[in-house]
Amino acid sequence: MISISEKASILHRAARTQTPVKQFSLSENYSLESAYQVQHELIRLRQEEGFPIVGVKMGFTSHAKMKQMGVKDVIIGQLTSDMQLNKREPLLKANCCHPRAEPEIAFRLNTDIYEPLTANEVINYVDRVAAAIEIIDSRYESFKFSLEDVVSDNCSSCAFILGQWCDVPLGLNGLDMKMSFDGQLETEGSSDDILDNPFEALAASTRLACRYNIPLMKGMIVLAGASTTASFIRKTLNVNLRVDGLGEASFTII
Ligand code: OOG
Ligand code: MG
């Protein structure tokens, strides 16, 4: 049995050396509770390197994504400042193991949140929304994991890019989301594919954050989860996402 702190340092080292490791669940059963403890320890190691928490990300909020990865529950991970790419800042493939890109929507919180909220309530806790691309990069070999493994690995979080912050529209339903690689359409989905409505994903983040002691503070970013399956990034590439009514996000991986 590998201890919680040992699991965290194995995953931290795997990320920092771009060397995927074996899934823990192949050799032991461990609980979702302890998986979130591994995640907390992993984030503590990042914070020790000088990178504060800037938000959270939801995972498996789309049926296509759940099916792609063979899991059955939504999960929450934490975003640290080193994961955010600035405008025109490229992502270095050399810093990743086997990156994939996901089309997402991001929210910015206007108040601290300490209790689980419904989708109707949570609308009042955001002041901005944006198109976003998440780069996930599992630290496990072959991108294979159990729910506990992926939660321990901070839900495969690697990097993210935000488009322009927009005012929150009255609704976020039925927005077309098109992701292209070097100008070629790669995936197309709808904001409805994110738990039927991205505000439901935001509400789910308040439930999971309260349950697992994850901070949701004013100014923090919430990535609502992908609307489609994730796409492998194999080479130098320009990735662009266009979301109806919210504009674009893009970055280059080199
Ligand atoms: C886990 C992360 C999933 C999403 O948006 O559904 C995720 C993974 O698939 O590696 O970020
Ligand atoms: Mg994601």
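Use the structure listed above.
Please read these numbers as outputs of a predicted model, since none were measured by experiment. (Residues numbered from 1 in each chain as written. Chains lettered and ligands numbered in written order. Predicted model: local features only at pLDDT ≥ 70, side-chain atom pairs only at ≥ 80, totals over all residues. Heavy atoms only, no water.)

K.L.:
A description of the coordination of the magnesium ion (ligand 2) should follow, citing residues and the corresponding values.
P.N.:
The coordination sphere of the magnesium ion (ligand 2), as far as protein atoms go, consists of E102 (OE), E104 (OE) and E134 (OE), spread over 2.0 Å. Donor residues for the magnesium ion (ligand 2) sit on one chain with the sequence pattern E-x1-E-x29-E. Linking E104 in strand 3 (residues 100-109) with E134 in strand 4 (residues 126-136), this pair joins segments that are 30 residues apart in sequence. For the pair formed by E104 and E134, the shared burial category is buried. (Donors = N, O, S within 2.8 Å, 3.2 Å for Na, K, Ca; no water. Helix = DSSP H or I, 4+ residues; strand = E, 2+ residues; numbered from the N terminus. Buried < 20%, exposed > 50% of the residue type's maximum accessible area, 1.4 Å probe, protein only.)

K.L.:
Explain the layout of surface pockets to me, using residue names and the numbers behind them.
P.N.:
Roughly 360 Å³ of volume is contained in the largest pocket. Along the walls of the largest pocket sit 20 residues, with R16, D82, L91, N95 and C158 positioned nearest its centre. Classifying every residue of the lining of the largest pocket by side-chain character gives 10 nonpolar, 4 polar and 6 charged. What the second largest pocket holds in volume is close to 260 Å³. Taken together, 15 residues form the lining of the second largest pocket, with K87, R88, L162, A249 and S250 sitting closest to its centre. Mapped onto the lining of the second largest pocket, the elements with two or more residues apiece are strand 5 (157-162) and strand 11 (247-253). Grouping the constituent residues of the lining of the second largest pocket by class yields 6 nonpolar, 5 polar and 4 charged. (1 Å grid on protein atoms, 1.4 Å probe; cavity = no way out; pocket = protein on both sides within 12 Å on 5 of 7 lines; lining within 4 Å. Points joined across faces, edges and corners; volume = space filled by probe spheres on them. Nonpolar A, V, L, I, M, F, W, Y, C, P; charged D, E, K, R; others polar.)

K.L.:
Explain the site of ligand 1 to me, and be specific about the residues and the numbers.
P.N.:
In the vicinity of ligand 1 there are 17 residues, among which K57, F60, K65, S156 and A226 approach most closely. Starting from 320 Å² of accessible surface for ligand 1 in isolation, the protein chains cover 100%. More than half of the atoms of ligand 1 fall within 2 Å of the grid points belonging to the largest cavity. Where the shell around ligand 1 is concerned, the elements lending two or more residues are strand 1 (53-59), helix 3 (63-69), strand 3 and strand 4. (Near = heavy atom within 4 Å. Areas by Shrake-Rupley, 256 points an atom, 1.4 Å probe, with all protein chains shown as cover. Sits in = over half its atoms within 2 Å of the grid points.)

K.L.:
Explain the pairing of strand 6 (residues 176-181) to me, using residue names and the numbers behind them.
P.N.:
Two elements, strand 6 and strand 7 (residues 184-190), share 6 bridges in a ladder whose sense is antiparallel. Within the sheet, the bridge partner assigned to M179 lies in strand 7 and is T187. Counted between consecutive antiparallel strands, the loop separating strand 6 from strand 7 contains 2 residues, among which D182 sits at a positive phi close to 50°. By the bridge criterion, 5 bridges tie strand 6 to strand 10 (residues 237-243) in an arrangement that is antiparallel. (Pairing = 2+ DSSP bridges.)

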